[in-house]
Amino acid sequence: MSAPVPPTKYAVASGGRLKLLMERTGTGDAVTVRELATSAGVSHGTIGALLTGAQRVVPEHKARAIAARLGVDLLVLFIPMERAGRTLIPVQQPTQQVGS
């Protein structure tokens, strides 16, 4: 009998990329934090935390729902974290503000 496989986790590539995709979704329309959260079936706190970097990782079903609502492929926004039984969380590079 094999052990149950843990669900795959995904890290957001960057809060800046999420923000950009929210400003212009696959349909060309903008979506707010609450609209994205409601349509993806996640809490607005999760979306806010992904944007700020306070939270980096979500389960696969949430990552897929967020990407689908934004109209992008899962791997455009998220990085799979499960590799050969090890969880890897890439370091998020600080974003430089325009005009800084």
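The shown structure was predicted, so the numbers you read here are calculated from the model rather than taken from an experiment.

**A short note on the environment of Lys19**
Move 1: Summarising the element assignment, Lys19 is placed in helix 1 (residues 15-23).
Move 2: A relative accessible area of 47% means that Lys19 is categorised as partly exposed.
Move 3: Through-space distance from the C-alpha of Lys19 to that of Val31 is 9.6 Å; in sequence the pair is 12 residues apart.

**Considering helix 2 (residues 33-40)**
Move 1: Taken residue by residue, helix 2 has Leu36, Ala37 and Ala40 as its buried positions. Axial view of helix 2: buried residues confined to an arc of 95 degrees, hence all on one face. Structural note: helix 2 exposes Arg34 and Thr38 on the side pointing more than 90 degrees away from its buried face.
Move 2: Considering only its buried residues, helix 2 is in contact with helix 1, helix 3 (44-52) and helix 4 (60-70).
Move 3: Downstream of helix 2 by one or two residues, Gly41 has phi in the positive range, about 75 degrees.

Definitions and limits used
Residues numbered from 1 in each chain as written. Predicted model: local features only at pLDDT ≥ 70, side-chain atom pairs only at ≥ 80, totals over all residues. Heavy atoms only, no water. Helix = DSSP H or I, 4+ residues; strand = E, 2+ residues; numbered from the N terminus. Buried < 20%, exposed > 50% of the residue type's maximum accessible area, 1.4 Å probe, protein only. Arc of directions from axis to C-beta. Contact = heavy atoms within 4.5 Å.

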